[in-house]
Number of protein chains: 2
Amino acid sequence: MELDDRKVKILKAVIKTYLETGEPVGSRTISKYTDLSLSSATIRNEMADLEELGYIIQPHTSAGRIPTDKGYRLYVDDMMKQKAKELDDREIQVNDREKELDSMRDVLSEKVDRVEELLQNVAKVLAKDTNYATMITTPQVKGNKLKFVQLSQLEANKLLAVIVMDGNMIRNKVITVSEEISQENMLKLNILLNTSLTGLTLEQMNMSIISKMENQAGEHTQIIKEVLDAIVETISNADNLKIYTSGATNIFKYPELSDSSKASELIYALEEKQSLSGLVKEDEDQLDEDSDDNHGIQVYIGNETPVESMKDCSVVTATYELQDGMKGTIGIIGPKRMDYDKVVGTLKTIRSQLDDVFKKT
Amino acid sequence: MELDDRKVKILKAVIKTYLETGEPVGSRTISKYTDLSLSSATIRNEMADLEELGYIIQPHTSAGRIPTDKGYRLYVDDMMKQKAKELDDREIQVNDREKELDSMRDVLSEKVDRVEELLQNVAKVLAKDTNYATMITTPQVKGNKLKFVQLSQLEANKLLAVIVMDGNMIRNKVITVSEEISQENMLKLNILLNTSLTGLTLEQMNMSIISKMENQAGEHTQIIKEVLDAIVETISNADNLKIYTSGATNIFKYPELSDSSKASELIYALEEKQSLSGLVKEDEDQLDEDSDDNHGIQVYIGNETPVESMKDCSVVTATYELQDGMKGTIGIIGPKRMDYDKVVGTLKTIRSQLDDVFKKT
DNA sequence: ATTAGCACTCCACTTTATTGAGTGCTAACA
DNA sequence: TGTTAGCACTCAATAAAGTGGAGTGCTAAT
């Protein structure tokens, strides 16, 4: 059996209606809803075919149809193709959407000095705007280089190391050393550290530490060792993936997700965040598939999602990118019958606004 | 009618049984459970009295009794009195509990450099251990003084200010200035900042800023102004209350809290955190009431809690204190029928372990 | 190929037992 | 006077039975 044009039209109508109502869709509804002007009986025949083809399913014998994952897939793929074509209209579209996104822009342009807060705000605003759960990761770098280190004395045997990486990622570390250190030696240590480490990536650092240390084996070997250890540890922690979530309770707005056990599992995943890292795309090898403008937007439907606890949901992710190649992921988690169209649009807008903000900073 | 000794005994038995089972408690159960050796009929009479006195209530005519808030209150107050007397046994008690708290100690003694992570871990471990939702705030200071500031050049017109407060609270701030600054002037600026600001609290700083600025009105007035603004802003943000939560999904373990709307409201409060700040005790004027050992532990039952969304829960909070007078709050949120005894004990242990960790750091 | 018509299915909802835990009350008892 | 056995009564919870309606599949006519 073939999936002819009319079948597709009916399928889309079924899905669209189901997205709106959340109720199984009957033949009569479609007959009236579409401009196909076909009787419900004809629709019924076509729907039977569509069911046989695996695009829709009946929850029980005498009910209407709801989309299967396969059905959603077709719908979403088609929509994405549409979106990609809309490239020209984008300006207008963005302008249109800007009205509803005013609050978003306001929050984003607020003076938030810390990336953390910014990201949390983005997650929050997105959640509020879409009524789905959201997540956002810190930007990730591959081989970030050390810009400079600055050691200063905090207390008798406590040092403060300020570590600045390329892209102005800054980390502090309080180092407790075993022996006191003179002002003069501090200065020396600072110079030593900067001359030998600046411009190195973490991997390069690990390689060179040993040799450097042996070279410098002077009276303060112990301190140098402690300081180096601390710095290496801090840097390796620095690009640890951090994930912020928001709007977990939005899932209670969708009955199909809000029964106790499902909700608990989902919210747990959002709280623990651990498992969400599966949503971060490792490689950008999907280029060929996601053509043009949709580049970096990924829709997971039901079982497609890499996160086990979200197999009853759909997840849409977008990759945002900072000027210096740092990449992060934004994700929206909702019921399978989410408003894919709106979500994809919002994600695109947010992403471009994020770019703006980061460029301005 | 008086609340005689026997009534109290029966009341406690009812509550204890209810805490364990979560089911309304009938007279027959009590008759067998206690060592009072009274028939169920007698218990029934007493229970009728207790109901009239407002300590217990029937969910419906032919059901057993469950405690009212007033009943819980009496039970908890008594328990706290007991706990206070147990001062001598505490050592032993702690030793006993230590077995189950091994994991807690492990996590706490881990090398976590950032207070944030430590607190998050505490919340997490507490939640896992108690099976309730937990929260913990960052330590708060009244008038924290500036230890030193260190300005360094990041890029052409971006400066990095590292701000260290007493108690080694460290903040970074990237300051974008309107004009470039020479290495030499940077040094001057550093000295100026430290000589004029070190040792001052935020309030004092606000006072002195204007005058200092006018004194120094040289070629770099603009930069000085920008830097000062940034520093003041950062410091005032620094002691913003931060709240970490964990174990929100634990509430699904208690049927009385896990219906969709209640759960949603509760989890929302835990996610938003905003409202939780009501649990932080402003003043320590409760000293007289909470005698001895229970100092700093506060039990809120049902409507007693300051957080609106938790009126169906009980909340137990403890104040922890760092050596330098910084105080934070730990909170446990669970059903009214929570295991108060265990919770109070665990909170005390955690608190003392927190003290240890902070002293060691 | 399309459609009107009709018998059939099955969920969702309401109504009507049925059960059993637990009470309140009374009368007897120490 | 306090305690207790006994019994009638209540009421949630569960099961069983009945009803309505939305929607289907099939057939026969167009």
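Cut-offs applied
- Residues numbered from 1 in each chain as written.
- Chains lettered and ligands numbered in written order.
- Predicted model: local features only at pLDDT ≥ 70, side-chain atom pairs only at ≥ 80, totals over all residues.
- Heavy atoms only, no water.
- Pairing = 2+ DSSP bridges.
- Helix = DSSP H or I, 4+ residues; strand = E, 2+ residues; numbered from the N terminus.
- Axes fitted to C-alpha atoms, helices over the stretch in contact; angles between N-to-C directions.
- Contact = heavy atoms within 4.5 Å.
- Near = heavy atom within 4 Å.
- Polar contact = N/O pair within 3.5 Å; in protein donor to acceptor, adjacent residues only side chain to side chain.
- Nonpolar A, V, L, I, M, F, W, Y, C, P; charged D, E, K, R; others polar.
- Salt bridge = Lys/Arg side-chain N within 4 Å of Asp/Glu carboxyl O.
- Buried < 20%, exposed > 50% of the residue type's maximum accessible area, 1.4 Å probe, protein only.
- Least-squares fit on C-alpha atoms with pLDDT ≥ 70 in both.
- pLDDT = per-residue confidence, 0-100.
- Parallel < 35°, antiparallel > 145°, perpendicular 65-115°, else oblique.
- Phe/Tyr/Trp six-rings, centres within 6.5 Å; stacked < 30°, edge-to-face > 60°.
- Lys NZ or Arg CZ within 6 Å of the ring centre and 35° of its normal.

> I tried to follow the sheet that holds strand 5 (residues 158-165) of chain B on my own but got confused; where do I start?
The pairing of strands in a sheet happens through backbone hydrogen bonds and is either parallel or antiparallel. Residue and element names in this part refer to chain B. Taken in spatial order, the three strands of this open sheet run 4-5-6, and their pairing is antiparallel. In the strand order of this sheet, the two ends are held by strand 4 (146-155) and strand 6 (169-176), each with one partner. Taken pair by pair, the neighbouring strands of this sheet meet at an average axis angle of 20°, ignoring direction. Summarising the sheet, strand 5 and strand 6 pair through eight bridges and their orientation is antiparallel. Considered in strand 6, the bridge of Leu 159 is made with Ile 175. Across the sheet, helix 8 (residues 183-197) touches strand 4 and strand 5, and the angle it forms with strand 4 is around 160°. Against the sheet, helix 10 (residues 221-238) touches strand 4, strand 5 and strand 6, its axis set at about 145° to strand 6.

> So what exactly am I meant to see when it comes to the protein's contact with DNA strand C here?
Around DNA strand C sit 20 residues, and of these Arg 6, Thr 42, Thr 61 and Ser 62 of chain A together with Ser 27 of chain B come closest. Sugar plus phosphate: this is where 78% of the atoms of DNA strand C within 4 Å of the protein reside. Measuring from a phosphate oxygen of DNA strand C, one finds a backbone N or O atom of Ser 39 of chain A at 3.0 Å. Take Thr 42 of chain A: an N or O atom from its side chain is 2.5 Å from a phosphate oxygen of DNA strand C. It is helix 3 (residues 40-52) of chain A that provides the largest number of residues to the surface near DNA strand C, a total of four residues. Class assignment of the residues belonging to the surface near DNA strand C gives a composition of four nonpolar, 12 polar and four charged.

> Mind showing me how you'd approach the pattern of salt bridges here?
Once the charged atoms of two side chains with opposite charge are near each other, the side chains can pair. Residue and element names in this part refer to chain A. The tally for this structure, following the rule as stated, stands at 38 salt bridges over all chains. Salt-bridge contacts for Glu 51 lead to Arg 65; the nearest nitrogen and oxygen are separated by 2.8 Å. Here the residue Glu 51 occupies a position in helix 3, and Arg 65 occupies one in the loop between strand 1 (56-57) and strand 2 (66-67), the gap between them amounting to 14 residues. For Glu 51, a relative accessible area of 24% translates into the label partly exposed. A salt bridge links Glu 233 to Lys 173; the nearest nitrogen and oxygen atoms lie 3.9 Å apart. Taken together, the positions of Glu 233 in helix 10 (residues 221-238) and Lys 173 in strand 6 (residues 169-176) put the pair 60 residues apart, joining distant regions of the chain. Three or more residues joined by partner-sharing salt bridges are found here, namely Asp 4, Arg 6, Lys 7, Glu 46 and Asp 49.

> Sorry, what's going on with the relation of the copies chain B and chain A here?
Two copies of a chain can be linked by a rotation about an axis combined with a shift along that same axis. When chain B is fitted to chain A, the residual RMSD is 0.2 Å, and the transformation amounts to a turn of 180° plus an axial shift of 0.1 Å. Here the symmetry operator amounts to a two-fold rotation axis. A share of 97% of the interface residues of chain B reappears at the interface of chain A, consistent with the copies meeting face to face through the same patch.

> Whenever I open this one, the protein's contact with DNA strand D confuses me. Can you help?
Around DNA strand D, a shell composed of 20 residues is seen, among which Ser 27 of chain A together with Arg 6, Thr 42, Thr 61 and Ser 62 of chain B lie nearest. Sugar and phosphate atoms form 77% of the subset of DNA strand D atoms that lie within 4 Å of the protein. Residue Arg 44 of chain A places a side-chain N or O atom 3.1 Å away from a base nitrogen belonging to DNA strand D. Between Ser 62 of chain B and DNA strand D, the recorded distance is 3.0 Å, taken from a side-chain N or O atom to a base oxygen. Within the residue set of the surface near DNA strand D, elements represented by two or more residues are helix 3 of chain A together with helix 3 (40-52) of chain B. When residues of the surface near DNA strand D are assigned to their parent elements, the largest contribution, four residues, is made by helix 3 of chain B.

> Just checking my understanding: could you explain the confidence of the model for chain A for this structure?
For residues with low pLDDT, the predicted coordinates do not support detailed interpretation. When pLDDT is averaged across chain A, the result is 84; 83% of the residues are at 70 or more. Of all secondary-structure elements in chain A, the lowest mean pLDDT belongs to helix 5 (residues 90-98) of chain A, at 51, while strand 2 of chain A reaches the highest, 98.

> Would you take a moment to explain the packing of helix 1 (residues 5-21) of chain B against helix 3 of chain B for this structure?
For any two helices packed against each other, one specifies the crossing angle of their axes together with the interaxial distance. Residue and element names in this part refer to chain B. Between helix 1 and helix 3, the shortest axis-to-axis distance is 10 Å and the interhelical angle comes to 90°. In terms of orientation, helix 1 and helix 3 fall into the roughly perpendicular class. Contacts between helix 1 and helix 3 involve Arg 6, Lys 7, Ile 10, Leu 11 and Val 14 on the former and, on the latter, Thr 42, Ile 43, Glu 46, Met 47, Asp 49 and Leu 50. For the contact of helix 1 with helix 3, the per-class residue count stands at six nonpolar, one polar and four charged.

> Just to check I follow, could you spell out the packing of helix 1 of chain B against helix 4 (residues 69-85) of chain B for this structure?
All names here are of chain B. Where helix 1 meets helix 4, the axes come as close as 10 Å, and the angle between the chain directions of the two elements is 95°. The pairing of helix 1 with helix 4 is recorded here as roughly perpendicular in orientation. Taking contact as the criterion, the partners of Leu 11, Lys 12, Ile 15, Lys 16, Tyr 18 and Leu 19 in helix 1 are, on helix 4, Gly 71, Tyr 72, Leu 74, Tyr 75 and Asp 78. Here the contact of helix 1 with helix 4 is built from residues that sort into seven nonpolar, one polar and three charged.

> Help me understand the packing of aromatic side chains, please; the structure alone is not making it clear to me.
The geometry of an aromatic ring pair comes down to the distance between the two centres and the angle between the two planes. Residues and elements named next belong to chain A. Inspection of every chain in the model, using the stated rule, returns four aromatic pairs over all chains. Ring centres of Tyr 132 and Tyr 254 lie 5.5 Å apart, and the angle between their planes is 25°; this geometry places the pair in the stacked category. Taken together, the residues Tyr 132 in the loop between helix 7 (115-130) and strand 3 (133-137) and Tyr 254 in the loop between strand 7 (243-246) and helix 11 (260-272) connect sequence positions 122 residues apart. Tyr 132 sits in the buried class, given a relative accessible area of 7%. Classification of Tyr 254 by relative accessible area gives buried; the value is 11%. Cation over ring: Lys 70 sits above Tyr 55, and NZ or CZ is 4.6 Å from the ring centre.

> Before we go on, may I ask you to explain the sheet that holds strand 7 (residues 243-246) of chain B in this structure?
Residue and element names in this part refer to chain B. One open sheet accounts for five strands, arranged 7-3-10-9-8; its pairing is antiparallel. Edge positions in the sheet fall to strand 7 and strand 8 (297-301), since each of these pairs with one other strand and no more. Taking each pair of neighbouring strands and ignoring which way they run, the sheet shows an average axis angle of 15°. Strand direction decides the pairing type here: strand 9 (residues 313-321) and strand 10 (residues 327-335), joined by nine bridges, are antiparallel. By the bridge assignment for strand 10, Ala 318 is matched with Ile 330.

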